[in-house]
Amino acid sequence: MSAVVFAAPGNRRRVPATTVVLHTLLIVGGLAMVFPFIWMILTSLKTLPQLLSEPLSLLPDPLTGENYPEALSAMPFGRAYLNSVYIAGLIIAGTLVTASMAGYAFARIPFRGSKALFIGFLATQMIPKQVTLVPFYLLMSRLGWVDSHLALIVPAMLANPFAVFLMRQFVLSLPKELDEAATCDGAGPVRTFFAVVLPNLRPGLSALAIIVALDTWNNFLFPLVLLNSTELFTVPLLLAGFEGQHGGVNYGLVMAASAVSTVPVLILFVIAQKRILNSMATSGLGGR
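Residues numbered from 1 in each chain as written. Predicted model: local features only at pLDDT ≥ 70, side-chain atom pairs only at ≥ 80, totals over all residues. Heavy atoms only, no water.

### Quick notes on the overall build of the protein
In terms of regular secondary structure, the protein is built from 14 helices and 2 strands. Dimensions along the principal axes, computed over C-alpha positions, put the protein at roughly 75 × 70 × 30 Å. The buried share of the protein, reckoned over its 288 residues, is 35%. Restricting the contact set of the protein to residue pairs at least 6 apart, pairs at least 24 apart contribute 69%. For the protein, the exposed surface amounts to about 16,900 Å²; the carbon and sulfur share of it is 68%. One way to put it: in the protein the 17 positive side-chain charges average out to a point 17 Å from where the 12 negative ones average out. (Helix = DSSP H or I, 4+ residues; strand = E, 2+ residues; numbered from the N terminus. Buried < 20%, exposed > 50% of the residue type's maximum accessible area, 1.4 Å probe, protein only. Contact = heavy atoms within 4.5 Å. Areas by Shrake-Rupley, 256 points an atom, 1.4 Å probe, with all protein chains shown as cover. Lys, Arg positive; Asp, Glu negative; His and termini not counted. Charge placed at Lys NZ, Arg CZ, Asp CG, Glu CD.)

Below, the structure is given as structure tokens:
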């Protein structure tokens, strides 16, 4: 395989052509993924006459920011933001508690049928959510939680197979000597978990919190089925209703509303992606 020579002051090295091709494909793929977001931002800054006369133009001419206040005032996005933030906050807090405790139990506390129970619990992750939608709705209806945020918060806090699996892997990556030293000092499983194990799970807990936050913020299907009152809507659900009202008339408003709902989450992911990757790499996911 031929190689490409890159020259630098006082240094020359040969780079394989496959590396150059691979990086070129990655750059092209990255641009293809980023372009829709760039198009969304630029379209949100266009006026309605330009959208009607030049729908395929890339740059806004003239540049306007009027779509943002108009979109925010057209529907109660402030209330939807508050709903999404507090739902995500409660789900994150509950998931971190239940997943870390369950992960510790599966990793460190031996009991009969633990492996079978863990495999069965993890297998539920492979069941599409659409399959469980009808029985889940019937269950929430029996509990009286339809058109209530409880239907979104409580089940998500109590049953997250991926979160339990991730926490179990983090616990398995910790030296058993820590538990043995705590046991020698007279600590039981509960004290060992809170005093020894939990402080060492901070990298995994932070990564899990970010993952759960992104998943909860983008959740659309279950809020669509379970929520009926506009004042209870989350951001994705309100955005879908906004697009239905204005999507065929003014794409600038729709893109502005989409940017308001998407950009904060995108910024969070860009800031936290390194922490997520580092946590995954150190959790033992590749070798357990």
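### A look at the pattern of salt bridges
Taken as a whole and judged by the stated rule, the model has 1 salt bridge. Between Asp179 and Arg108 there is a salt bridge; the shortest N-O distance is 3.3 Å. Here Asp179 is found in helix H9 (residues 176-184), whereas its partner Arg108 is found in helix H4 (residues 77-108), with 71 residues between them in sequence. An identical accessibility class is assigned to Asp179 and Arg108; each is buried. (Salt bridge = Lys/Arg side-chain N within 4 Å of Asp/Glu carboxyl O.)

### Thoughts on the packing of helix H10 (residues 189-200) against helix H11 (residues 202-217)
In contact at an axis separation of 5 Å, H10 and H11 are set at 60° when each is read in the N-to-C sense. Judged by the angle between their axes, H10 and H11 are oblique. Counted together, Leu198, Pro199 and Asn200 of H10 and Arg202, Pro203 and Leu205 of H11 form the full contact between these two elements. Of the residues contributing to the contact of H10 with H11, the split by class is 4 nonpolar, 1 polar and 1 charged. (Axes fitted to C-alpha atoms, helices over the stretch in contact; angles between N-to-C directions. Parallel < 35°, antiparallel > 145°, perpendicular 65-115°, else oblique. Nonpolar A, V, L, I, M, F, W, Y, C, P; charged D, E, K, R; others polar.)

### As for the nonpolar core
Of all hydrophobic cores here, the largest spans 55 residues; its most connected members are Met167, Val197, Leu201, Leu208, Leu226 and Phe242. Broken down by element, the residue count for this core peaks at 10 residues, all from H4. (Core = buried A, V, L, I, M, F, W, Y, C linked by side-chain atoms within 4.5 Å.)

### Describing the packing of aromatic side chains
Counted under the stated rule, the structure contains 9 aromatic pairs. Look at Phe118 and Phe165: their rings are 6.4 Å apart centre to centre, the planes differ by 25°, and that puts the pair in the stacked class. Residue Phe118 is located in helix H5 (residues 114-123), and its partner Phe165 is located in helix H8 (residues 161-173); the two are separated by 47 residues in the primary sequence. Grouped by ring-pair contacts, the aromatic residues Phe106, Phe111, Phe118 and Phe165 constitute a single cluster. Positioned above the aromatic ring of Trp39 is the side chain of Lys46, whose terminal nitrogen or guanidinium carbon lies 5.0 Å from the ring centre. (Phe/Tyr/Trp six-rings, centres within 6.5 Å; stacked < 30°, edge-to-face > 60°. Lys NZ or Arg CZ within 6 Å of the ring centre and 35° of its normal.)

### What about unusual backbone geometry?
The linkage connecting Asp61 with the following residue, Pro62, adopts the cis geometry, with an omega of 5°. Its identity as a non-glycine residue notwithstanding, Asp147 has a phi of 60°, on the positive side. Position of Asp147 among the secondary structure elements: in the loop between helix H6 (129-143) and helix H7 (150-158). We classify Asp147 as partly exposed; its relative accessible area is 26%.

### Examining the side chain of Arg108
Given a relative accessible area of 16%, Arg108 falls into the buried group. Of note is the side chain of Arg108, whose polar atom sits 3.1 Å from the backbone oxygen of Val171. Of note is the side chain of Arg108, whose polar atom sits 3.3 Å from the side chain of Asp179. (Polar contact = N/O pair within 3.5 Å; in protein donor to acceptor, adjacent residues only side chain to side chain.)

### Examining a nonpolar patch on the surface
Together, Phe37, Leu266, Phe269 and Val270 make up a nonpolar patch on the protein surface, roughly 320 Å² of accessible area in all. The biggest single contributor to the nonpolar patch is helix H14 (residues 251-282), with 3 residues. Tracing the backbone through its elements, the reader meets Phe269 in helix H14. (Patch = residues over 30% accessible without salt bridge, like charges linked within 9 Å, V, L, I, M, F, W, Y side chains within 5 Å.)

### Description of helix H1 (residues 17-44)
Taking 1.5 Å as the rise per residue, H1 with 28 residues should run 40 Å; its terminal C-alpha atoms sit 41 Å apart, in good agreement. Of all the bends in H1, the greatest, near 30°, is centred on Val34, and the proline Pro36 appears no more than four residues after it. Residues of H1 that are buried: Ala17, Met40, Leu42, Thr43 and Ser44. (Expected span 1.5 Å × (residues − 1). Bend = angle between axes of the 7 residues up to and from the residue.)

### Considerations on the packing of H4 against H10
Contact pair H4 / H10: the axes reach a minimum separation of 11 Å and the direction vectors enclose 110°. Overall, the two elements H4 and H10 adopt an arrangement that is roughly perpendicular. Once H4 is placed against H10, the crossing between them reads as right-handed. Residues Ser100, Met101 and Tyr104 of H4 pack against Pro189, Thr192, Phe193, Val197 and Leu198 of H10. In terms of residue class, the contact of H4 with H10 is built from 6 nonpolar, 2 polar and no charged. (Left-handed = near helix turned anticlockwise from the far one by under 90°.)

### Observations concerning the environment of Leu268
Of note, Leu268 is situated in helix H14. Once the C-alpha coordinates of Leu268 and Ala213 are considered, the two residues, 55 residues apart in sequence, prove to be 9.5 Å apart.

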